[in-house]
Amino acid sequence: MEHSKYMRRCIEIAKNGLGSTAPNPTVGCVIVNNDKIIGEGYTSSYGCNHAEVNAINSVKNKDDLVNSTLYVTLEPCSHHGKTPPCTDLIIKNKIPKVVVGCNDPNKSVEGNGIAKLRNAGCQVITEIEKSLCENHHKRFLTFHNKKRPYIILKWAQTKNGFVSPIRKSVNKPVWITNKYSIQLSHQWRSQEQAILVGAKTIIDDNPNLTTRYFSGKNPTRIIISNGKKFSKNYNVFDNEASTIILDPKNLKGEIPLASQICNELFNRKITSVIVEGGPKTLNCFLDQDLWDEARIFQGTNEFKFGIKAPIFDLSKTNCKLLMEDKLWIVQNK
C-alpha cells in the first residue's frame, strides 16, 4: 500500500513537466527514507535534467540515500542521450531499492535500465500502479509503441451542432464557448507538443494557435496546406511559436492522409498533437479511426446556418459542466 501512495505522488508531481519535456517523457520521482519523503523531482525541459537527477539533487543529506527507496513513474534510462544515464547516478549514490511504475519501450532502454540496476545489486520492484503510470505516459508510450503521435481531437460546437457560421464579415474566430472553456482549451495546448489545423481554418479564422489565455509553452503549429499558398500576414507566421506547413502532395506513401500526417510527425519526433479542425481535418482522423481522445465543448448559443460538427456519439459519455458550457472527453478504446 505504501508503494502505491508514493507512486501516486510521483505521477502528481510529474504533471508539472507536461508540455516542456517532449520528445522525452514527463517523469516523476520521489525518494523515501523511513517512510518520509526526502527528495522529489520531475523531468526538466528537453535536454536538461531527468526526474531522478532532480530528485537526488533535492536531497539535503546525501548520506540518507544509502538507506532510501527511489520511486519513479518510468524505468530509469540506461543510455547516453542529451544527459548521462540515470541508472549510473542511482548506482553511484548506492540507493538500494528502486520502485518502477512502468517499463520504457524506447529501444535505447527497453528493460536495460532495470537489468543494469539489478546487476549492480539494487532491488527493483516493477509495475506499481502500472495502469496509472501508463496513462500518464500515454504520449510517450504511443509514440514508441505505435510509431505516431498521441492524437487529441478537439472542437467546440453550438447547441444545434454547428462549429462555425457559413459567412463571417471578418476573418477571425467566432467564439462558441465561454471564457472558462477557452482558458482550459489553451491550457491543453500548453500540454501538447503540436497543434494541427487545415488550410480553411487559417483562411477563415486567422487564428493564433497559441496559449495566450494560459501561462504555458506554445505548441508547434502544423498547417495542412492542401496546396494553398499563405500570406505571411496570417497570425500563425508571427514569432510566438514555430509553424510547419505540410502539403499532402509532398508527403510520402500511398496511404490515407491521416496516416501520412502521422508518419511525418513521427519522423519529426512530435509525440503529441491536438487537432483543432475544422470538420474536414477532424473527419480525416475520425474516418481512419486514428485518434486517442476527443474533447468536445458545447456552448449554449445556436447558429441558424453553418458548418456542421463531426457526427459523434456522446450518449455513453459523461458530461462535465464549465458554468453553462458542456464538455465531453472520450477515450478511443
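In what follows, the structure referred to is the one given above.
Residues numbered from 1 in each chain as written. Predicted model: local features only at pLDDT ≥ 70, side-chain atom pairs only at ≥ 80, totals over all residues. Heavy atoms only, no water.

Moving on, we come to the overall build of the protein chain. Along the backbone of the protein chain there are ten helices and 15 strands. Relative to its length of 333 residues, the protein chain is compact, with a C-alpha radius of gyration of 22 Å against a globular reference of 20 Å. Of all 333 residues assigned to the protein chain, the portion counted as buried reaches 53%. Taking as baseline every contact in the protein chain between residues at least 6 positions apart, the subset at least 24 positions apart corresponds to 72%. Total accessible area computed for the protein chain in this model is approximately 16,600 Å², and 47% of it derives from carbon and sulfur atoms. Each charge class in the protein chain can be summarised by its mean position, and for the 46 positive and 31 negative side chains these summaries are 4 Å apart. (Helix = DSSP H or I, 4+ residues; strand = E, 2+ residues; numbered from the N terminus. Rg over C-alpha atoms; globule rule 2.2 N^0.38 Å. Buried < 20%, exposed > 50% of the residue type's maximum accessible area, 1.4 Å probe, protein only. Contact = heavy atoms within 4.5 Å. Areas by Shrake-Rupley, 256 points an atom, 1.4 Å probe, with all protein chains shown as cover. Lys, Arg positive; Asp, Glu negative; His and termini not counted. Charge placed at Lys NZ, Arg CZ, Asp CG, Glu CD.)

This brings us to empty space enclosed by the protein. If you walk through the whole model with that rule in mind, you get one cavity of 30 Å³ or more. Put simply, the largest cavity is a space of about 160 Å³. If you trace the largest cavity, you find 18 residues lining it, with T21, N24, T26, R139 and T271 closest to the centre. Split into classes, the residues belonging to the lining of the largest cavity amount to five nonpolar, eleven polar and two charged. (1 Å grid on protein atoms, 1.4 Å probe; cavity = no way out; pocket = protein on both sides within 12 Å on 5 of 7 lines; lining within 4 Å. Points joined across faces, edges and corners; volume = space filled by probe spheres on them. Nonpolar A, V, L, I, M, F, W, Y, C, P; charged D, E, K, R; others polar.)

Attention now goes to the pattern of salt bridges. Taken as a whole and assessed by the stated rule, the structure comprises 15 salt bridges. Measuring nitrogen to oxygen at the nearest pair gives 3.8 Å for the salt bridge that ties K15 to E12. Classification of K15 by relative accessible area gives partly exposed; the value is 43%. The residue E276 makes a salt bridge to R189 at a minimum N-O spacing of 2.9 Å. Linking E276 in the loop between β11 (272-275) and α10 (279-287) with R189 in helix α7 (residues 179-191), this pair joins segments that are 87 residues apart in sequence. Residues joined in a network through salt bridges with shared partners are K138, E293 and R295. (Salt bridge = Lys/Arg side-chain N within 4 Å of Asp/Glu carboxyl O.)

A cis amide bond links A22 with the next residue in sequence, P23, at an omega value of 5 degrees. Of note, the amide linkage connecting G277 to G278 takes the cis form, showing an omega dihedral of 5 degrees. Of note, G278 is situated in the loop between β11 and α10. You will see that K147, though not glycine, has its phi angle at about 60 degrees, which is positive. Note on placement: K147 falls in the loop between α6 (138-146) and β6 (150-157). The exposure class of K147 is partly exposed, given its relative accessible area of 39%. Of note in this structure, D289 is not a glycine but carries a positive phi near 55 degrees. By secondary structure assignment, the location of D289 is in the loop between α10 and β12 (293-298). On the basis of relative accessibility, which here comes to 48%, the residue D289 falls in the partly exposed class.

A word on the sheet that holds strand β5 (residues 123-125). Pairing is mixed across the open sheet formed by five strands, whose spatial order is β2-β1-β3-β4-β5. Each edge of the sheet is formed by a strand with only one pairing partner; in this case those strands are β2 (36-42) and β5. Strand-to-strand twist of the sheet, defined as the mean angle between neighbouring strand axes without regard to direction, takes the value 20 degrees. Pairing between strand β1 (residues 28-33) and β2: six bridges, direction antiparallel. From the neighbouring strand, V30 faces β2, where its bridge partner is E40. Strands in contact with helix α1 (residues 2-14) are β1, β2, β3 (69-74), β4 (97-102) and β5; relative to β1, the strand with the most contacts, it is inclined by about 140 degrees. (Pairing = 2+ DSSP bridges. Axes fitted to C-alpha atoms, helices over the stretch in contact; angles between N-to-C directions.)

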